[in-house]
Amino acid sequence: MAEKCFDEQAKDEFRQAQDLGKFPMEIGPQFEGQRIRRPEMYVEFGGPQAEHKFELFLAAPMDEVEDGKVEVVGPDIPEMKPEGTYSIGIITKVAGAKVEKDLEGVLERRHHYYMNYIEGVMHLNQRSDIWIRVSKAVHKKGLNSLKWIGLALLRLFKSSLPIIERMQITYYTDPVKVAELEQMALKVYDARDARARGLMDEDVETFYACVLCQSFAPAHVCIITPNRLGGCGSISWFDARASYNVDPKGPNFPVGKGALLDAVLGIYEGVNKVVKERSLGVVSQVALYTLFKTPHTSCGCFEAIAWYIPEVDGIGIVHRDFKGPAVMGLPFSTLAGHVSGGTQNEGFLGIAVEFLRSPKFLQADGGWERVVWLPSALKERVKTAISGKVADRIATEKDVKNVEELRQFLEKTGHPVVQRWKAMEITPAEEAEAKPEAEAGQIPMVTGELQVPVTSGGVGFKIILQNVRITADKAIIKRLEKE
Ligand code: SF4
Ligand code: ZN
C-alpha cells in the first residue's frame, strides 16, 4: 500500500480491502499483550507526552451513523514526523436496535481490547489517558493511515457484537480540535460515573467480574460492585451488567456475593471463589475496601495508585496525569511498575478515580481520614467526596515536597493520622513483651512462601523467599548513606 491510500480518490481502496480481507497487517488475538517500545515505534498518539487525548463511544440513532465510515480529521500518519508524538481524539458512533446508552462504556473498553488485536498497534489505558503506538515494522508493511486501524476495528466489533448494526469512526488529530472535544468527552465520562453513585454494595445480590485485562495481567480479575468500579475507571456495575446481558460469553460475568465474611474489609465468599477460579489459583482471597490485607489485584491500566507511606502511617494517592514526582520522590510511572501485573501488593493498590468518591473507599483503612497526600488537580476533581473536616489537612504538591515536610504539615494541621502516631508510641517494656515467639534473629522454618514487604521512602518491593531456613545471631539493616 502506498501513499495514494490517503488520496481522496483512493477512498474505495479501503472499502475493498475490508471486503476482501486485504489489510496490510494481520489481525487477531495472537497480538494481544504486544508491547511496542520507543525504539520500535513509528509514531505515537496520546500518552504522557501528548497534551490532549481521549476515546469516546456514543450510542446514536440509526440515521446519525454512516455505517462503515472511517474518517481522519487533521493530519494522518504520512504527514507526521517519524517517532513523533501526537494528540488524538477518537469518536466512535454506534447504532442498533439493542444498542443502548448503558453500553457506551463497555464498548469503549472493548476498543482497548480490539486495538491490541491489530499487528503492530499498542493501545494502553482508556478515556482521556489513552496511549497508542504504531510500530515501524507494521508501518513498513503498509499500515500508513489511521483508516486501516479504523477499518480493522469496524470488522472486529461488528463480527463479535452483532447488536452493532451501524458503526462509524472519526480520528481527530488537530490538537486544537482534540482539546475542544476532550472537554465534551470529560462531561460524558462524568455523567456515566454519576449514575452508579446512588447504589450501595448491600443493595444488590450480584457483583460482576471483568477479565478483559488478562491478556496483559493473566491472574487479574476485576471485581465490579456498585461501590467499586473496575481499576480502569471505565466499567461500572451498570456497565458490567449491560455487557453481560448483550454478550454472556464475553469478559464480564456475574459473581454471586455468597456469605459476607468481613463487612469492613469487604470479603465475600462468592468473590473469593470466582477470583480463585479465574486467577487459576494464584489469588484466593480479595478484600475490596482495603490496601492492606489481601487487597484487590492491580492490572496496569488503573487511573490512580493508592500507597502506604510508613513514615507517617498514612496513604498517598497519585493519578496518571500527575507529571511531577509524588511526595516520596517517585513519579506515577515508577510506582505503577511496582503495582501492576495482576498481583496483590500489600500497601499498594491501583484504583479508578471514581473509587475516591465511593462511600466504601478504603473504609477498612480509615478512608479519607487516612489519606495524607494527593496532587492538587486530583484533590480538586474529587473535592466533594472529601469531608470538610479533613480536606484542608491533606497535603498536595503545593504544600510539601518530601515526606519530612509532609510529617510537619500533618502535625501542624492536626491531621487525624497524628492520633495514630500517638497510639503507636510504645514503651520499651511493651516492646519486650511484643517480641515474636521465635527468638529475635531467627525466622522459623518457612514452608511455602514468605513475603517480606520492604519499603523505603514510601515505596517498596517484595522479597519472596521460598522454602528457606534463615538463622542469624544478629541482623542489621542499614540505610545506604550517600557519599
Ligand atoms: Fe476490566 Fe478491570 Fe481491565 Fe477495566 S481494569 S478492563 S474493569 S479487567
Ligand atoms: Zn487493566
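The rules behind each value
Residues numbered from 1 in each chain as written. Chains lettered and ligands numbered in written order. Predicted model: local features only at pLDDT ≥ 70, side-chain atom pairs only at ≥ 80, totals over all residues. Helix = DSSP H or I, 4+ residues; strand = E, 2+ residues; numbered from the N terminus. Buried ≥ 20, exposed ≤ 12 C-beta atoms within 10 Å, placed from the backbone. Contact = placed C-beta atoms within 7 Å. Near = placed C-beta within 6 Å. Nonpolar A, V, L, I, M, F, W, Y, C, P; charged D, E, K, R; others polar. Pairing = 2+ DSSP bridges. Axes fitted to C-alpha atoms, helices over the stretch in contact; angles between N-to-C directions. pLDDT = per-residue confidence, 0-100. Expected span 1.5 Å × (residues − 1). Core = buried A, V, L, I, M, F, W, Y, C linked by C-beta atoms within 7 Å. Domains from an automatic or database assignment.

**What about the overall build of the protein chain?**
1) Next: For the protein chain, the count of helices and strands is 13 helices and 21 strands.
2) Next: Split into buried and exposed, the 483 residues of the protein chain put 44% on the buried side.
3) Next: Of the contacts made within the protein chain by residues no fewer than 6 positions apart, 72% connect residues no fewer than 24 positions apart.

**Points about the site of ligand 1**
1) Next: The environment of ligand 1 is formed by Arg 109, Cys 210, Leu 212, Cys 213, Cys 222, Gly 230, Gly 231, Cys 232, Ser 234, Ile 235, Cys 299 and Cys 301.
2) Next: Its residues placed into classes, the shell around ligand 1 shows eight nonpolar, three polar and one charged.

**Structural notes on the sheet that holds strand 14 (residues 304-309)**
1) Next: Judged by pairing direction, the sheet is mixed, and its four strands sit side by side in the order 16-14-15-17 without closing on themselves. The two strands at the open ends of the sheet, each matched to only one other strand, are strand 16 (348-351) and strand 17 (371-373). Looking at each pair of strands side by side, their axes are set apart by 35° on average, direction ignored.
2) Next: In this structure, strand 15 (residues 314-319) lies alongside strand 17, joined through two bridges in parallel fashion. When the bridges of strand 17 are listed, Ile 315 appears paired with Val 371.

**Some details on the sheet that holds strand 9 (residues 206-210)**
1) Next: Strand order in the open sheet formed by three strands is 10-9-11, with antiparallel pairing between adjacent strands. Either end of the sheet is taken by a strand with one partner, and the two such strands are strand 10 (222-224) and strand 11 (252-256). Averaged over all pairs of adjacent strands, the angle between strand axes in this sheet comes to 35°, irrespective of strand direction.
2) Next: The pairing of strand 9 with strand 10 spans three bridges and is antiparallel. Paired with Tyr 208 across the two strands is Ile 224, which belongs to strand 10.
3) Next: Contacts from helix 7 (residues 269-278) reach strand 9, strand 10 and strand 11, with the element oriented near 135° to strand 11.

**Section: helix 6 (residues 237-246)**
1) Next: The element helix 6 is extensively covered by neighbouring structure, given that seven of its ten residues are classed as buried.
2) Next: Along helix 6, the residues that are buried comprise Trp 237, Asp 239, Ala 240, Ala 242, Ser 243, Tyr 244 and Val 246.
3) Next: Of the surrounding secondary structure, the elements contacted by the buried residues of helix 6 are helix 2 (104-115), strand 9, strand 10 and strand 11.

**Quick notes on the confidence of the model for the protein chain**
1) Next: Mean pLDDT over the protein chain stands at 87; residues scoring 70 or higher make up 84%.
2) Next: Contacts for the low-pLDDT stretch residues 1-11, under 50 throughout, to residues beyond four places or in other chains number twelve contacts.

**What to know about helix 4 (residues 146-160)**
For the α-helix, the turn length of 3.6 residues means that residues three or four positions removed from each other point alike.
1) Next: Relative to the 21 Å expected for 15 residues at 1.5 Å per residue, helix 4 spans 21 Å between its end C-alpha atoms, a close match to the ideal helical length.
2) Next: Among all positions of helix 4, only Leu 146, Lys 147, Trp 148, Ile 149, Gly 150, Leu 151, Ala 152, Leu 153, Leu 154 and Phe 157 are buried.

**Some words on the pairing of strand 2 (residues 53-59)**
1) Next: Within strand 2, five of the seven residues are buried, which leaves it mostly tucked inside the rest of the structure.
2) Next: Where strand 2 and strand 5 (residues 88-95) come together, seven bridges link them in parallel fashion. Its bridge partner being in strand 5, Phe 54 is matched across the sheet by Gly 89.

**What about the nonpolar core?**
1) Next: The biggest cluster of nonpolar side chains holds 129 residues, and the ones touching the most others in it are Ile 223, Ile 224, Ile 305, Ala 306, Ile 315 and Val 372.
2) Next: Per-domain counts for this core show at least three residues from each of domain 1 (3-194) and domain 2 (199-424).
3) Next: Beyond its immediate stretch of four places on either side in the chain, Ile 305 contacts Val 318, Phe 332, Leu 335, Ala 336, Val 339, Phe 348, Leu 349 and Gly 350.

**Quick notes on unusual backbone geometry**
1) Next: Although it is not a glycine, Glu 83 sits at a positive phi angle of roughly 70°.
2) Next: Relative to the helices and strands, Glu 83 is located in the loop between strand 3 (70-73) and strand 4 (84-86).
3) Next: With 12 C-beta atoms counted inside 10 Å, the residue Glu 83 sits in the exposed group.
4) Next: Not every positive phi belongs to a glycine, and Asn 125 is a case in point at roughly 70°.

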